[in-house]
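# Structure assessment
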Amino acid sequence: YSASVADLRQMYTYGRFWNAEKVLLLYPGDRSKHKFKPFLNDDDPIAHHCKLGFVSVLKEDMNVLDQELGAQILSEVGFS
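Residues numbered from 1 in each chain as written. Predicted model: local features only at pLDDT ≥ 70, side-chain atom pairs only at ≥ 80, totals over all residues. Heavy atoms only, no water.

## As for the overall build of the protein chain
Our working rule: Runs of H or I in DSSP of at least four residues are treated as helices and runs of E of at least two as strands, each being numbered from the N terminus. Burial here depends on accessible area, computed with a 1.4 Å probe over protein chains only, as a share of the maximum for the residue type. Under 20% is buried, over 50% is exposed, and the range in between is partly exposed. It only takes one pair of heavy atoms within 4.5 Å for two residues to be counted as in contact. In these tables, accessible area is a Shrake-Rupley quantity obtained with a 1.4 Å probe, and a residue counts as shielded only by the protein chains included in the view.
The helix and strand inventory of the protein chain stands at two helices and three strands. Within the protein chain, the proportion of its 80 residues that are buried is 22%. Put simply, 57% of the contacts in the protein chain that link residues at least 6 apart link residues at least 24 apart. For the protein chain, the accessible area works out to roughly 6,100 Å², and carbon and sulfur atoms hold 57% of it.

See the structure below:
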């Protein structure tokens, strides 16, 4: 569960374009305990924080969509 160079570039670009303080790159998969980490840049006044997030699209041990997917995503961002 680590970011590739392309992933880091994507997060950095979105953070700069949207002036976002936090950027989350979300993948389907088993939830993990990643935290936001600072991405420092001398020419950008915003302190960007990036992290990878993983959420389960299907309910545990079932082949049906998890109706709580939105809550999982909000939890990854820190709104729960």
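Having put the structure on the table, let's press on.
## Re the nonpolar core
Formally: Only buried residues count toward a nonpolar core, which is a set of Ala, Val, Leu, Ile, Met, Phe, Trp, Tyr and Cys residues joined through side-chain atoms within 4.5 Å.
Membership of the largest hydrophobic core is limited to seven residues, which are Met 11, Ala 20, Val 23, Leu 25, Cys 50, Leu 52 and Phe 54. Secondary-structure elements contributing two or more residues to this core are strand S1 (22-28) and strand S3 (48-55). Of the residues forming this core, the biggest block, three residues, is contributed by S3.

## Focus: the confidence of the model for the protein chain
Counted only if it meets this: Every residue carries a pLDDT, the predictor's confidence in it, which falls somewhere between 0 and 100.
On average, residues of the protein chain score 76 in pLDDT, and 76% of them are at 70 or above. Within the protein chain, strand S2 (residues 37-39) has the poorest average pLDDT of any element, 64, and helix H1 (residues 5-18) the best, 85.

## Comments concerning the pairing of S3
The condition is simple: The rule for pairing is simple: two strands pair if DSSP sees at least two bridges between them.
For S3, the buried fraction is high: seven of the eight residues fall into the buried class. Two elements, S1 and S3, share seven bridges in a ladder whose sense is parallel. The partner of Pro 28 across the bridge, within S3, is Val 55.

## Quick word on H1
Heads up, the condition is: An expected span of 1.5 Å times one less than the residue number is assigned to each helix. In this context, the arc is that of the directions from the helix axis out to the C-beta atoms.
Taking 1.5 Å of rise per residue, the 14 residues of H1 would be expected to cover 20 Å, and the 20 Å separating its terminal C-alpha atoms lies within 8% of that figure. Taken together, the buried positions of H1 are occupied by Asp 7, Met 11 and Gly 15. Each buried residue of H1 lies within a common arc of 65 degrees when the element is viewed along its axis, so the set occupies one face. Opposite the buried face of H1, at more than 90 degrees from it, the exposed residues are Val 5, Ala 6, Arg 9 and Phe 17.

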